[in-house]
Amino acid sequence: QVQLVESGGGLVQPGGSLRLSCAGSGSIFSIYVMAWYRQAPGKQRELVATITSGGSTNYADSVKGRFTISRDNANNTVYLQMNNLKPEDTAVYYCNASLLHYNYWGQGTQVTVSS
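No experiment lies behind these values; they were computed from the predicted model shown.

Mapping leucine 18 onto the fold places it in strand β3 (residues 18–25). C-alpha separation for the pair leucine 18 and valine 33, spaced 15 residues apart in sequence, amounts to 22 Å. Apart from residues lying up to four places away in sequence, leucine 18 is in contact with Gly8, Gly9, Gly10, Val12, Leu80, Gln81, Met82, Leu85 and Val111.

If you look at soluble globular proteins, the nonpolar side chains tend to sit buried side by side. Counting residues in each nonpolar core, the largest one holds 29 residues, and the members touching the most others are Met34, Trp36, Val78, Leu80, Met82 and Tyr93. Elements that contribute at least two residues to this core include exactly β3, β4 (33–39), β5 (46–51), β7 (67–72), β8 (77–82), β9 (91–99) and β11 (109–113). The element that contributes the greatest number of residues to this core is β9, accounting for 4 residues.

Here we come to the state of the cysteines. For the structure shown, the criterion picks out 1 disulfide. The disulfide partner of cysteine 22 is cysteine 95, and the gap between their sulfur atoms is 2.1 Å. Every disulfide takes its handedness from the sign of the S-S torsion; for cysteine 22 and cysteine 95 that torsion is -85°, giving left-handed. Placement of the pair is cysteine 22 in strand β3 and cysteine 95 in strand β9, with a sequence separation of 73 residues. Each member of the pair, cysteine 22 together with cysteine 95, is buried.

It is worth spelling out the packing of aromatic side chains at this point. Applying the stated rule across the entire model yields 3 aromatic pairs. Measuring from ring centre to ring centre gives 6.1 Å for tyrosine 32 and tyrosine 104, while their planes differ by 70°; the resulting arrangement is edge-to-face. Separated by 72 residues along the polypeptide, tyrosine 32 in the loop between β3 and β4 and tyrosine 104 in strand β10 (residues 102–105) bring together distant segments of the chain. Site record: aromatic cluster; members linked through ring pairs are Tyr37, Tyr94 and Trp105. Lying across the ring of tryptophan 105, arginine 45 places its NZ or CZ 4.6 Å from the centre.

Calculation rules
- Residues numbered from 1 in each chain as written.
- Predicted model: local features only at pLDDT ≥ 70, side-chain atom pairs only at ≥ 80, totals over all residues.
- Heavy atoms only, no water.
- Helix = DSSP H or I, 4+ residues; strand = E, 2+ residues; numbered from the N terminus.
- Contact = heavy atoms within 4.5 Å.
- Core = buried A, V, L, I, M, F, W, Y, C linked by side-chain atoms within 4.5 Å.
- Buried < 20%, exposed > 50% of the residue type's maximum accessible area, 1.4 Å probe, protein only.
- Disulfide = S-S within 2.5 Å.
- Phe/Tyr/Trp six-rings, centres within 6.5 Å; stacked < 30°, edge-to-face > 60°.
- Lys NZ or Arg CZ within 6 Å of the ring centre and 35° of its normal.

Right, dumping it as structure tokens:
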């Protein structure tokens with residue numbers, strides 16, 4: 001069992017930056033593939049970025065070059081650094097941990113990009 005708690009969301013102007021954090025607890029955090037998803041109003045949840053236990057990363061085309069996912073296994077935390085934010089990045093951002101048939105979600109944190 002893994003518990004995930006996101007933080008760091010908020011209101012930011014276009015072009016600004018935010019760093020989201022996801023604190024994990026319960027199981028062996030370091031073995032999970034960690035990911036950030038987002039869901040905008042009226043839209044399906046979409047994958048933003050993933051990071052494997054070994055540190056390999058992948059990004060959605062819409063955020064490549066602007067977002068960076070990282071993890072600190074010693075502190076059971078995964079981060080999403082978001083730069084040059086755009087209004088279309090507005091969504092609830094969710095942290096996810098997965099391994100084989102195990103799949104865990106956090107409660108989400110709201111990110112709003114608006115002037």
